[in-house]
Amino acid sequence: MATEDEGELSARYQNTLVMNTQSVLDAVSHLKIIHVAGTKGKGSTCVFAESILRCYGLRTGLFTSPHLIDVRERFRLNGLEISQEKFVDYFWCCFHKLKEKTSNEIPMPTYFCFLALLAFKIFVTEQVDVVILEVGLGGRFDATNVIQKPVVCGISSLGYDHMEILGYTLAEIAAEKAGIFKSGVPAFTVPQPDEAMHVLNEKASKLEVNLQVVEPLDSSQRLGLQGEHQYLNAGLAVALCSTFLKEIGIEEKNGLNQTTGLPEKFVSGLSNAYLIGRAMVVPDSEFPEEIVYYLDGAHSPESMDACAIWFSKQIKQNQERNQKRSEQILLFNCMSVRDPSLLIPRLRSKCIDHGVDFKKAVFVPNVSVYNKVGYSSNDDRRVDSMTWQFGLQRLWDSLAQGKAKSNLESDTKGKEDEVKSFVFSSLPLAVDWLRDNARQSKQVRFQVLVTGSLHLVGDLLRLIRK
């Protein structure tokens, strides 16, 4: 059910890309590529895979999305963001070549299409040994799907996201994700709901793709990315890297036998993986002892579960180590294409199930004021209206009132558990409010969960690191 979108490559734009950049695409055909799609965890899987393969001495190229602070985050060479000097050179080289060939029939590619083309240009010119390529949105019509013969493909956990584009059933969504399968190219996925798994198997069978299901890694393995859900992503990354290394003739002599443990280079790669904006713990720059931010860009119902479990675990561990009284605060917003009634209740109930309850909730606009080149301005256009934030507040208050009513019925003192909510017209105002609270309550540690949008997480990181 895919339609044209910034993250999608319609037939018209696919033709544009091919006609304008055939020489680059010819060179791309010689790249050794790992292609990964999915609803949740595809970025983490790519980061794990890149880190593992770099430990084997391979020169790596990693393309992921979205970025949080700088567009250069999307392009990593050997684990590092591309330098500003190189990025500017490659950017204008691609832009001018495309501009020369545009016409009414062949327009400039869309934003994401341009970035995908830019990634190919960078990786071809830099002569990387392996490209780890994350799908932008969907799979079948995604800009990254112009590649014809990847070494191996992966599909991370599937769920309900971008339904207005990909479809409203797991079967429809799975069909779009399976669009990255290529005839005869091995593929891996993680355990999926039956409805989705059936479609993946069907698509794989038609293309004679050997699709295998991998299990999560053992939780004793140390990972660079936090959260129990990361063991599933790490398991997928291990399978992708194992297949890739065998395909290019590099094989660890003790193999990947789970009884003997992972090879040392796999262990090192998994433990050193890093991805900004996912399960990050960052102290406030002005009040590092009083305010700690827990950042996670979760924005789907399933990722809210994982975020809540991670946050709750962090809070419990901190309480065991720290004698200072703590107070949990939610700082939230989501894009208007999301359904907050599927996100906020799930986050709150999962936290409560794990013994953590928010004392305050804060809602702010999701519009970034960051003006660097490449930061998308299409995320949410509610600049002049707080209607969306007040709607989120009403949803939260209705959940809190339900709890208060339950407390009164059980003769619990309702006022002690009163949950306050606030709406601020900007993120800086919300941060100022948090810092005012810290000044007035030096004996309290404010633990602030920032979630609902990767862009909100990026905005906060920029703000507190100034």
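Conventions we followed
Throughout, a residue's number is its position along its own chain's written sequence, starting from 1. Reporting in this predicted model follows two pLDDT cut-offs: at least 70 for local features of residues, and 80 or more for side-chain atom pairs to be given and counted; totals over whole chains, interfaces and linings ignore these cut-offs and use all residues. Just so you know, side-chain values use all the structure's heavy atoms and leave hydrogens and water out. What counts as a salt bridge is simple: a side-chain nitrogen of Lys or Arg found within 4 Å of a carboxyl oxygen of Asp or Glu. Secondary structure follows DSSP: runs of H or I at least 4 residues long count as helices, runs of E at least 2 residues long count as strands, and numbering of each begins at the N terminus. In this scheme, a residue with accessible area under 20% of its type's maximum is buried, one over 50% is exposed, and one in between is partly exposed, where area comes from a 1.4 Å probe on protein chains only. Working rule for contacts: check all heavy atoms of both residues, and any pair within 4.5 Å makes them a contact. By nonpolar core we mean a set of buried residues, namely Ala, Val, Leu, Ile, Met, Phe, Trp, Tyr and Cys, connected to one another through side-chain atoms within 4.5 Å. Classification of ring pairs uses Phe, Tyr and Trp, with its six-membered ring standing for Trp, and accepts pairs whose centres are within 6.5 Å; under 30 degrees between planes counts as stacked, over 60 as edge-to-face, and the remaining range as tilted.

(A) Examining the pattern of salt bridges more closely. Counting across every chain of the model gives 13 salt bridges. A salt bridge links Lys86 to Glu126; its shortest N-O distance comes to 3.1 Å. In this pair, Lys86 sits in helix H4 (residues 84–100) while Glu126 sits in the loop between helix H5 (111–125) and strand S5 (130–134), placing the two residues 40 residues apart along the sequence. When its relative accessible area of 13% is taken as the criterion, Glu126 is described as buried. Because the salt bridges share partners, they merge into one network encompassing Arg59, Lys86 and Glu126.

(B) Focus on helix H10 (residues 264–272). Regarding H10, the residues found buried are Phe266, Gly269, Leu270 and Ser271. Those residues of H10 that are buried are in contact with helix H3 (42–55) and helix H9 (230–247).

(C) Main features of unusual backbone geometry. Pro66 follows Ser65 through a cis peptide bond whose omega is -5°. With respect to the helices and strands, the residue Pro66 is situated in the loop between strand S2 (60–63) and strand S3 (75–77). Here the phi dihedral of Glu208 falls at roughly 55°; this positive angle occurs in a residue that is not glycine. Classification of Glu208 as exposed rests on a relative accessible area of 64%.

(D) Examining the environment of Ser268 more closely. Mapped onto the elements, Ser268 comes out in helix H10. The partly exposed category is assigned to Ser268, whose relative accessible area is 28%. Between the C-alpha atoms of Ser268 and Arg222, which are 46 residues apart in sequence, the distance is 9.1 Å.

(E) How the structure looks around the nonpolar core. Formed by 37 residues in total, the largest nonpolar core has its most connected members in Ile34, Phe48, Leu53, Phe266 and Leu270. Looking at this core, the elements with two or more residues in it are strand S1 (33–37), H3, S5, H9 and H10. A per-element tally of this core places H9 first, with eleven residues. If near-sequence neighbours (up to four positions away) are discounted, Leu270 is found in contact with Phe48, Ile52, Leu217, Gln221, Arg222, Leu223, Gly224, Ala234, Val238 and Leu262. Listed in part, the 31 residues of the second largest apolar core include Leu427, Ala438, Leu456 and Val457.

(F) Layout of the packing of aromatic side chains. Inspection of the entire model under this criterion finds 17 aromatic pairs. Aromatic pair Phe422 and Phe424: ring centres 6.5 Å apart, planes at 25°, arrangement stacked. Three or more aromatic residues joined by ring pairs form one cluster here, namely Phe63, Phe75, Phe87, Phe91, Trp92, Phe95, Phe112 and Phe114.

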